[in-house]
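Structural features, examined
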Amino acid sequence: MINESTVQKIESFNVNGAYTYVDKNNKEVYCPHVNGLVSILFAELGNSEKSSKILDSLISSQIYHEENGLFYRQATTDGNIVAPYFNVCKNSIMALAFYASGRKEEALKIMRTLKSSPAFDKNSGLFYREYKDETHNPLIVTQTNLWAALAYAKLGYASYADEIMRSLELKKQDRFNRDLFRSPNCEDIDSVEEFHADDQALAAIVYKTLGHEHKARFILNRLIESPMYDPFTGLYSRSWLYEKVDETKSTYKNALIGLAFAKLGFSKELNRLRKSLVDVLYDKDAGLFSMSDTNPEKIPDNSALAVMALDYERLKHIVF
């Protein structure tokens with residue numbers, strides 16, 4: 001079975017209890033985003049002990065800032081902090097991982113710290129991408145806020161999650177397509193805002209978690225009808241703006257769409273996407289999923305999300 005084999009192959013990224021990948025500078029690094037999603041995978045498969053051990057490994061490493069209880073964006077395996085920023089998206093995913101492994105108080109601490117940090121903009125009710133010391137990054141990324149909203153929803157702070165979603169809805173009202181969320185590229189402060197396929201999927205997951213199923217189904221239907229859907233491959237392209245579609249098919253984005261389809265009961269669309277995930281993005285020789293159809297690199301969180309999308313019926317449904 002692909003799922004069992006892939007979970008075993010993910011272990012090849014394990015270094016001292018946490019999971020690594022090779023960054024663009026060819027350094028082997030730890031990242032909270034990667035480890036958070038792998039930890040959630042194990043919790044969703046019923047192995048909360050394994051999930052918790054991953055978190056303990058990160059806490060005992062240099063990537064964890066004990067004073068404020070947050071995780072830096074990235075650190076090398078020898079303890080060098082590569083990016084000394086507190087990234088809201090990555091820490092929100094870590095909060096979800098703590099929650100999934102049964103450590104709710106630690107999850108709450110992360111989200112309380114983020115809300116009281118320079119990364120939270122009280123005027124807009126949204127989070128900036130990240131902060132360092134007392135200086136925030138002025139970029140407001142949609143997915144950053146969606147992961148934060150999901151964390152608040154799961155931790156019992158539905159009002160906070162609803163506030164974020166209302167703020168995101170207001171933000172899109174002056175755009176030419178009001179059905180879908182737009183966002184700048186998280187790596188480029190000067191980038192043009194585009195529609196990203198995974199933002200719509202994650203929004204649907206948040207809406208469903210908050211009990212707004214009509215909104216969740218609406219946005220998924222609009223995603224299906226959008227130019228981001230590629231009927232030839234059965235997958236969704238990276239992004240879209242006006243007449244331009246970035247036709248890259250990534251595992252991360254399509255796996256999140258698969259999770260949204262599964263959660264909302266879009267059976268026909270889910271079955272097509274599952275087959276396409278395997279046909280287009282699964283590397284049989286490596287036993288892992290490639291980053292995209294144009295990038296064969298293997299990163300453990302991509303495969304973790306793919307396994308959860310393929311094996312949704314067997315999950316504990318703690319987060320997804």
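It should be noted that the structure appears before, not after, this text.
Below is a summary of the structure that appears in this document. (Residues numbered from 1 in each chain as written. Predicted model: local features only at pLDDT ≥ 70, side-chain atom pairs only at ≥ 80, totals over all residues. Heavy atoms only, no water.)

**A word on the pattern of salt bridges**
Put simply, the rule reads: The term salt bridge refers to a pairing of a side-chain nitrogen on Lys or Arg with a carboxyl oxygen on Asp or Glu at a separation within 4 Å. A run of H or I in DSSP becomes a helix once it reaches four residues, and a run of E becomes a strand once it reaches two; helices and strands are each numbered from the N terminus. Residue burial is assigned from relative accessible area. The probe radius is 1.4 Å, only protein chains are included, and a residue is buried under 20% of its type maximum, exposed over 50%, and partly exposed in between.
Applying the stated criterion to the full structure yields 21 salt bridges. Between glutamate 49 and lysine 53 there is a salt bridge; the shortest N-O distance is 3.5 Å. On the criterion of helical spacing, the pair formed by glutamate 49 and lysine 53 is a turn pair, its members being four residues apart in helix 3 (residues 48-59). Taking the relative accessible area as the measure of exposure, lysine 53 reaches 49% and is therefore partly exposed. Lysine 298 is paired through a salt bridge with aspartate 283; the nearest N and O atoms lie 3.1 Å apart. Of the two residues, lysine 298 is situated in the loop between strand 18 (288-289) and helix 12 (300-310) and aspartate 283 in strand 17 (residues 282-283); the sequence distance between them amounts to 15 residues. On the basis of relative accessibility, which here comes to 23%, the residue aspartate 283 falls in the partly exposed class.

**Some remarks on unusual backbone geometry**
With phi around 60 degrees, asparagine 16 is a residue other than glycine that occupies positive phi space. You will see that histidine 317, though not glycine, has its phi angle at about 60 degrees, which is positive. If you trace the backbone, histidine 317 turns up in the segment after helix 12. The class for histidine 317 is partly exposed, based on a relative accessible area of 33%.

**Some remarks on the side chain of serine 237**
What counts here: Pairs of residues are marked as contacts when any of their non-hydrogen atoms sit within 4.5 Å.
Looking at the element boundaries, serine 237 is found in the loop between strand 14 (235-236) and strand 15 (239-241). Serine 237 sits in the buried class, given a relative accessible area of 2%. Not counting the four nearest positions on each side in its chain, serine 237 is found in contact with Ala197, Met228, Val245, Asp246, Glu247, Thr248 and Lys249.

**Focus: the pairing of strand 5 (residues 70-76)**
Just so we agree on the cut-off: Here, strands pair whenever DSSP counts at least two bridges between them.
Most of strand 5 sits out of view: seven of its seven residues are buried. The antiparallel hairpin formed by strand 4 (residues 64-65) and strand 5 contains four residues in its connecting segment, where glycine 69 sits at a positive phi of about 70 degrees. Two elements, strand 5 and strand 6 (residues 81-87), share three bridges in a ladder whose sense is antiparallel. Of the residues in strand 6, the one forming a bridge with tyrosine 72 is phenylalanine 86. If you look at the hairpin formed by strand 5 and strand 6, you'll find four residues sitting between the two strands, and glycine 79 has a positive phi there, around 95 degrees.

In short, shape yes, function no, at least from these values alone.
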